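This is what each chain is made of:
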Amino acid sequence: MLTGRESLLRLIGKRRRYLPNRHLLLSAPTPNSLNLEVNDYGNLISLAGDDGRSSEDPASSDDPSKFSDDLSLSTRKKRRLTQTTLLQSSFWSVPKQSEDGLVICTQQQPILDSETSQFNLVQRSDSICCKAEDGSCSPSSEQISKTVTLDEANGEAIETFIVGRKFSDVHDIEIGGNISLLRHPENVKDRNAIKVVSADSEMLGYLPKDISQCLSPMIDDYDLKFEGTITSVPKNSSEAVPIKVVCHKMTSDGWKECEFYGDFKPLWEKVLQVVEHQMQFPPKTTRYQLNFNVLLQEVLRSCSHLFTAEERAFLESFPTLSEDSQRLFIRLYTRKGPWFRLSNISYPEVSDSLQALKDLTVRGFMSSVKDASELDHQKMKEITELLNVTELRDILSINKVFSCGSRKRDLINSLCSCYNDGTRINLATIILERTGLCAKISSTAESLIWRVERLFFLNGEQDLSSFVLQDLGIIKYPTYKCIDSEQIFSNRTTLLAYEEAIEVAQLMDESLDNEDSRTVLKCIMIAETRISSSSLVSAQAAAFNRFTASWVYSKVVLLGVSFFENHKRHIIFVFLPVVICFSGFRYNQAVYLLRRLLSCFNCDGRRGYWTVRLSTDLEHMGRPNESLTVAEQGLLDPWVRAGSRVALQRRILRLAKPPRRWKTPTFSNLVENKIPEVVTIQGRSLNCEVGMKNRFYGEDGEQCGVEQLALQYYSGEGGGWQGIHTESSIWLTIFGLLMWDILFSDVPGVFQTRFQTAPLDLETESFYLTRKETIESQLEKVANGMAEEILIISYETHRGTACRGVAWDRFSLEDLRAAAACVGGVCIASLCRHLAQDYRSWCSGMPDLLLWRFKENGYEGEAKLVEVKSEKDRLSEQQRAWLLLLMDSGFNVEICKVRPASLSKT
């Protein structure tokens, strides 16, 4: 994979089915600053007359976007959502409203639902506040319109439901039947469970989890007893049963004059709020439907300025659709598509798919095809993908068309070729007769819902499945406050520019998959002409910089650098003169793009990597003097750090020899001679092939890697060390646990969504500068020997909660305590300070092994960090930078070389 593509894929996320600006982007003329075009064989041809170095004056070129857009759906190998995981859920998480009108985005804890045997969410009052607006999501027209009804005399009766009916001892219930509530703390799935029992003490089911979470502590603390009646009976015995309950103790004389009533009242008011919200969204409503409405309404509430009046009206109309229509749309939106056969649409929660589809089509959320006159070439090609192999063969045989192959792709190509040449005028009719009514998400709905998701999650890696992962308890997000400050997207223009940049990124990715050099070049040219100078005016601007179009285009340009550096692999036909010209020419374009990046982004942590690449490419071009100058200038750049800085220092030492430079750099001893390499071990090798990970036989005769072999050596003759293969993971875990309260402290603007595992500014300088006083105070405690105590408290308090860098499943509390005790507070504080100051530069590349051993007293110990390398392996520049930094911080480090037994020195 080309360098930079993985990062681009994370930015794009799930590929969009419809790119609204695709045609405009590919057809509009673009200034050709690269002086390049692609010939019919896929080779890059230079338009420059000399060495190929482009000037700043843009040279117009022929439109390189004229190509056959033969992007078949079957070639899209990218991510597909798992429908059963996302959509077979029945509970939800929604914002609640405080007394002052702030919408509270509550974090939830997973509790297993007795009705569905799946996890549900319990609201927590200590969670985050998001946006200042009015209340929670409005129910659709078919949702139950009940609200909390209080007893007219005393206001203490509440309406709710019995859920978990499959656990009931009674299947036949009657309206008006007497019931009572009974605590069930023995329930291993939910310690707050409340059973609903009949007058004969037979179990009818449970109260909903969000209500029992609030009500059960009150029953325990105030000895409350609730009784009531069944208000209606559903048709299906497994459905939720509406009930009305009242606490008679709360209606007794003198209750409100009790000394504890002041503490009791806010707790009861919270119960009423939860009940009111539940009546708006009764248990019959599917969880994915509610999650979608929450997402939609939160975005419309907080980002309404980014939509036109027509767009807002369109999105606001979604909750007014019927239940079936909402569910069908969400189901299909989360599938791959783009087209769907009505005959294949069947969901148990959608009672009438045909009527739902008609309603969605009328309201503009979907479009359908049922007549051959509506088919054009693109629709025809997409709809044929819905046919199976048998259907394709039948249609071809009816039309007497010969296929060159038997695979589905060959059959589709044969069918499309007949349709294109017009020789089979009834072909479209025959295809639609086989498929029946076909439908897809409309382009308007596709674009707007994509925007809503992007504004809600602020990345391409999360989508509606994030709700489900939280609902099922698979991921538990931390508690923090979303404190509003300035908007990430201040106006609609900046958002549209950002969206178009992501479209260019997706086009680039698709073109690389299809080996379409012409479109790849077009995307590079678009990105190169649209990146602009990025000057950060505030700490918050640094955190928001990733949401600008220029930042996205910089990703595309960097991938373009890799494309040019490696383009020789994509040449289809090679002629000797072309190869000779292209061999040096490809680096010219990479150099030009790197210079553009460095000139446009003056305050960016990526400058170090760009500078190393620029210096390297200049050397490949046979220009060592320029390469040396670039490296020397790079060391003066304050944004060149960590491994990139070490790489430039080593390049200077290699290039700066007489007669280029007569003076030896002052850092020569620091780079070359400081890292000890004192241990060499041998092992029986399974393979020593270049490019393959080395495998050895361990002391127990089992296969293992070099790291496990080294651990076995150190635990035995190497000194009786205990240890783990950890690399950077344990240190990021320790950093996250020690700095937890600081990571999730109340800083304006750094928490924008309920699904974050770190503040937005963690990888920027502003993280340390904004919190410098609290960070240094915490590090002082760590240096003074409190690291182990802080780790224990943080681990036990937050165990299982997602946090950037914290690997709960890899390290036990004992491992972490041993590391803290043996490494020492001063060293850990120094390491954490570097991560706080520049997390992006230092979050990778740490030594492979952490070793420790305790002294006889069992309290004091020592630790060692070991980088393990095989015979032909070398340190990366980032690893070298870490080793030097650790040594300066007081760590005991060394390099361990593992050699095959036949090559070991005697």
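Conventions used here
- Residues numbered from 1 in each chain as written.
- Predicted model: local features only at pLDDT ≥ 70, side-chain atom pairs only at ≥ 80, totals over all residues.
- Heavy atoms only, no water.
- Helix = DSSP H or I, 4+ residues; strand = E, 2+ residues; numbered from the N terminus.
- Buried < 20%, exposed > 50% of the residue type's maximum accessible area, 1.4 Å probe, protein only.
- Contact = heavy atoms within 4.5 Å.
- Areas by Shrake-Rupley, 256 points an atom, 1.4 Å probe, with all protein chains shown as cover.
- Pairing = 2+ DSSP bridges.
- Axes fitted to C-alpha atoms, helices over the stretch in contact; angles between N-to-C directions.
- Phe/Tyr/Trp six-rings, centres within 6.5 Å; stacked < 30°, edge-to-face > 60°.
- Lys NZ or Arg CZ within 6 Å of the ring centre and 35° of its normal.
- Polar contact = N/O pair within 3.5 Å; in protein donor to acceptor, adjacent residues only side chain to side chain.
- Salt bridge = Lys/Arg side-chain N within 4 Å of Asp/Glu carboxyl O.
- Core = buried A, V, L, I, M, F, W, Y, C linked by side-chain atoms within 4.5 Å.
- Parallel < 35°, antiparallel > 145°, perpendicular 65-115°, else oblique.
- pLDDT = per-residue confidence, 0-100.
- Nonpolar A, V, L, I, M, F, W, Y, C, P; charged D, E, K, R; others polar.
- Patch = residues over 30% accessible without salt bridge, like charges linked within 9 Å, V, L, I, M, F, W, Y side chains within 5 Å.
- Lys, Arg positive; Asp, Glu negative; His and termini not counted.
- Charge placed at Lys NZ, Arg CZ, Asp CG, Glu CD.
- Expected span 1.5 Å × (residues − 1).
- Arc of directions from axis to C-beta.

**Notes on the overall build of the chain**
And step 1. Along the backbone of the chain there are 33 helices and 23 strands.
And step 2. In the chain, buried positions account for 56% of the 906 residues.
And step 3. Relative to all contacts within the chain whose residues are 6 or more apart in sequence, the contacts with residues 24 or more apart total 73%.
And step 4. Taken as a whole, the chain presents about 40300 Å² of accessible surface, with 49% of it coming from carbon and sulfur.

**What to know about the sheet that holds strand E11 (residues 203–206)**
To summarise the sheet geometry, strands pair through backbone hydrogen bonds and adopt either a parallel or an antiparallel arrangement.
And step 1. Spatial strand order, E8-E13-E12-E9-E10-E11: 6 strands in an open sheet with antiparallel pairing. In this open sheet, the two edge strands, each paired with only one partner strand, are strand E8 (158–162) and E11. Here the strands of the sheet are splayed against their neighbours by 35° on average, with no regard to which way each runs.

**Things to note about the packing of aromatic side chains**
And step 1. Scanning the entire structure with this criterion turns up 31 aromatic pairs.
And step 2. With centroids separated by 5.3 Å and ring planes inclined at 50°, the aromatic side chains of Phe 489 and Tyr 498 adopt a geometry described as tilted. Taken individually, Phe 489 and Tyr 498 each receive the classification buried, so the pair is uniform in this respect.
And step 3. An aromatic cluster is defined as three or more aromatic residues linked by ring pairs; in this entry it consists of Phe 292, Phe 314, Phe 318, Phe 329, Tyr 333 and Phe 365.
And step 4. Across the ring face of Trp 450, the terminal group of Arg 16 is positioned such that the distance to the ring centre comes to 4.0 Å.
And step 5. One Lys or Arg, Arg 606, reaches over the ring of Phe 601 and ends 5.5 Å from the middle of that ring.

**Considering unusual backbone geometry**
And step 1. The peptide bond linking Gly 337 to Pro 338 adopts the cis configuration, its omega dihedral lying at 10°.
And step 2. Positive phi, normally seen in glycine, also occurs at Asp 223, with a value near 55°.
And step 3. With respect to the helices, strands and loops of the structure, Asp 223 is situated in the loop between helix H4 (209–222) and strand E12 (226–230).
And step 4. Take Asp 223: its relative accessible area is 48%, and that puts it in the partly exposed class.
And step 5. Even without glycine at this site, Ala 642 takes up a positive phi of about 50°.
And step 6. Among the structural elements, Ala 642 can be located in helix H23 (residues 642–655).

**Some points on the pairing of strand E13 (residues 241–247)**
And step 1. Counting buried positions over the 7 residues of E13 gives 6, a clear majority of the element.
And step 2. Note: E8 against E13, 5 bridges, orientation antiparallel. If you follow Ile 162 over to E13, its bridge partner there is Val 241.

**Quick word on the environment of Arg 17**
And step 1. If you trace the backbone, Arg 17 turns up in the loop between helix H1 (5–12) and helix H2 (22–27).
And step 2. When the C-alpha positions of Arg 17 and Ile 441 are compared, they lie 9.3 Å apart, and in sequence the two are 424 residues distant.
And step 3. From its side chain, Arg 17 meets the backbone oxygen of Tyr 333 in a polar contact 3.1 Å long.
And step 4. Reaching out from Arg 17, the side chain makes a polar contact with the backbone oxygen of Arg 335 at a distance of 2.7 Å.

**Digging into the pattern of salt bridges**
And step 1. What the rule picks out here adds up to 43 salt bridges.
And step 2. Linking Asp 394 and Arg 434 is a salt bridge whose minimum nitrogen-to-oxygen distance equals 3.6 Å. Residue Asp 394 is located in helix H11 (residues 389–398), and its partner Arg 434 is located in helix H13 (residues 427–435); the two are separated by 40 residues in the primary sequence.
And step 3. The class of Arg 434 is partly exposed, set by a relative accessible area of 30%.
And step 4. The shortest N-O distance in the salt bridge between Asp 410 and Arg 407 comes to 3.4 Å.
And step 5. Members of the salt-bridge network, linked through shared partners, are Arg 5, Arg 15, Asp 509 and Asp 513.

**Comments concerning the nonpolar core**
And step 1. Among the nonpolar cores identified, the biggest contains 100 residues, and Leu 315, Phe 329 and Met 508 are the most heavily contacted of them.
And step 2. Ranked by the residues each element gives to this core, the list is headed by helix H19 (residues 549–565), at 11 residues.
And step 3. For Phe 329, the contacting residues outside a window of four places in its chain are Phe 292, Phe 318, Leu 360, Phe 365, Met 366, Ile 441, Ala 445 and Ile 449.
And step 4. Grouped together as the second largest cluster of nonpolar side chains are 68 residues, Tyr 480, Cys 827, Ile 828 and Ile 895 included.

**Quick look at the packing of helix H14 (residues 443–457) against helix H16 (residues 492–513)**
And step 1. Packing of H14 against H16 leaves a shortest axis separation of 12 Å and a crossing angle of 105°. What the angle tells us is that H14 and H16 run roughly perpendicular. Residue-level inspection shows Trp 450, Arg 451, Arg 454 and Leu 455 of H14 in contact with H16, the latter providing Arg 492, Leu 495, Leu 496, Tyr 498, Glu 499 and Ile 502.

**So, the pairing of E12**
And step 1. Bridge count between strand E9 (residues 178–183) and E12: 3 bridges; the pairing is antiparallel. When the sheet's bridge partners are listed, Ser 180 is paired in E12 with Glu 227.
And step 2. Here E12 pairs with E13 via 5 bridges, running antiparallel. Each bridged residue has a counterpart across the sheet, and for Gly 228 the counterpart in E13 is Val 245.

**Some remarks on the confidence of the model for the chain**
And step 1. Scored by pLDDT, the chain comes out at a mean of 79, with 78% of its residues at no less than 70.
And step 2. Low pLDDT, under 50, characterises residues 49–155; the stretch is placed with 322 contacts to residues that sit more than four places away or in other chains.
And step 3. Low confidence marks residues 569–582, where pLDDT is under 50. Its contacts with residues over four positions away, or in another chain, come to 11 contacts.

**Quick notes on the sheet that holds strand E16 (residues 438–441)**
And step 1. Here we have 3 strands laid out as an open sheet, ordered E14-E16-E15, and antiparallel in their pairing. One side of each edge strand has no neighbouring strand; the edge strands of this open sheet are strand E14 (339–341) and strand E15 (366–369). For this sheet the average axis-to-axis angle between neighbouring strands, irrespective of direction, equals 30°.
And step 2. Two strands pair when backbone bridges link them, and E14 and E16 are joined in this way by 3 bridges, in the antiparallel orientation. By the bridge assignment, Phe 340 is partnered in E16 with Ala 439.

**Considering the packing of helix H8 (residues 323–333) against helix H9 (residues 353–362)**
And step 1. Between H8 and H9, whose axes approach to 8 Å, the crossing angle comes to 85°. In terms of orientation, H8 and H9 fall into the roughly perpendicular class. In this structure, H8 contributes Asp 324, Ser 325, Leu 328 and Phe 329 to the contact, and H9 contributes Ser 353, Ala 356, Leu 357, Asp 359 and Leu 360.
And step 2. Residues that form the contact of H8 with H9 fall into these classes: 5 nonpolar, 2 polar and 2 charged.

**Quick notes on the environment of Leu 709**
And step 1. Summarising the element assignment, Leu 709 is placed in helix H25 (residues 706–715).
And step 2. Judged by relative accessible area, which is 7%, Leu 709 ranks as buried.
And step 3. Each C-alpha atom of the pair Leu 709 and Tyr 697 lies 7.9 Å from the other, and the pair is 12 residues apart in sequence.
And step 4. With residues up to four places along the chain from it excluded, the contact list for Leu 709 reads Ile 681, Gln 682, Gly 683, Phe 696, Tyr 697, Gly 698, Cys 704 and Val 898.

**Notes on a negative patch on the surface**
And step 1. On the surface, Glu 699, Asp 700, Glu 702 and Glu 717 cluster together to form a negatively charged patch.
And step 2. Here Asp 700 shows up in the loop between strand E18 (695–697) and strand E19 (703–704).

**Points about the environment of Pro 665**
And step 1. Tracing the backbone through its elements, the reader meets Pro 665 in the loop between H23 and helix H24 (668–672).
And step 2. Measuring from C-alpha to C-alpha, the distance between Pro 665 and Ile 652 comes to 8.2 Å, with 13 residues separating the pair along the chain.
And step 3. Setting aside anything within four residues of it in sequence, one finds Pro 665 in contact with Ile 652 and Leu 653.

**Points about helix H6 (residues 287–302)**
And step 1. Compared with the 22 Å implied by 1.5 Å per residue over 16 residues, the 23 Å span of H6 between its first and last C-alpha is a close match.
And step 2. Of all 16 residues in H6, 16 are buried; the element is thus mostly enclosed.

**Concerning helix H22 (residues 624–635)**
And step 1. Relative to the 16 Å expected for 12 residues at 1.5 Å per residue, H22 spans 17 Å between its end C-alpha atoms, a close match to the ideal helical length.
And step 2. Within H22, the full set of buried residues consists of Ser 627, Leu 628, Val 630, Ala 631, Gly 634 and Leu 635. Taken around the axis of H22, the buried residues stretch over an arc of 160°, which confines them to a single face.

**What about the side chain of Thr 753?**
And step 1. Structurally, the position occupied by Thr 753 is in the loop between helix H27 (740–743) and helix H28 (766–770).
And step 2. Given the relative accessible area of 4%, Thr 753 is considered buried.
And step 3. A polar side-chain atom of Thr 753 sits 3.1 Å from the main-chain amide nitrogen of Phe 755.
And step 4. In this structure, Thr 753 is in contact with Phe 456, Phe 457, Leu 458, Tyr 480 and Cys 482, ignoring residues within four places of it in sequence.

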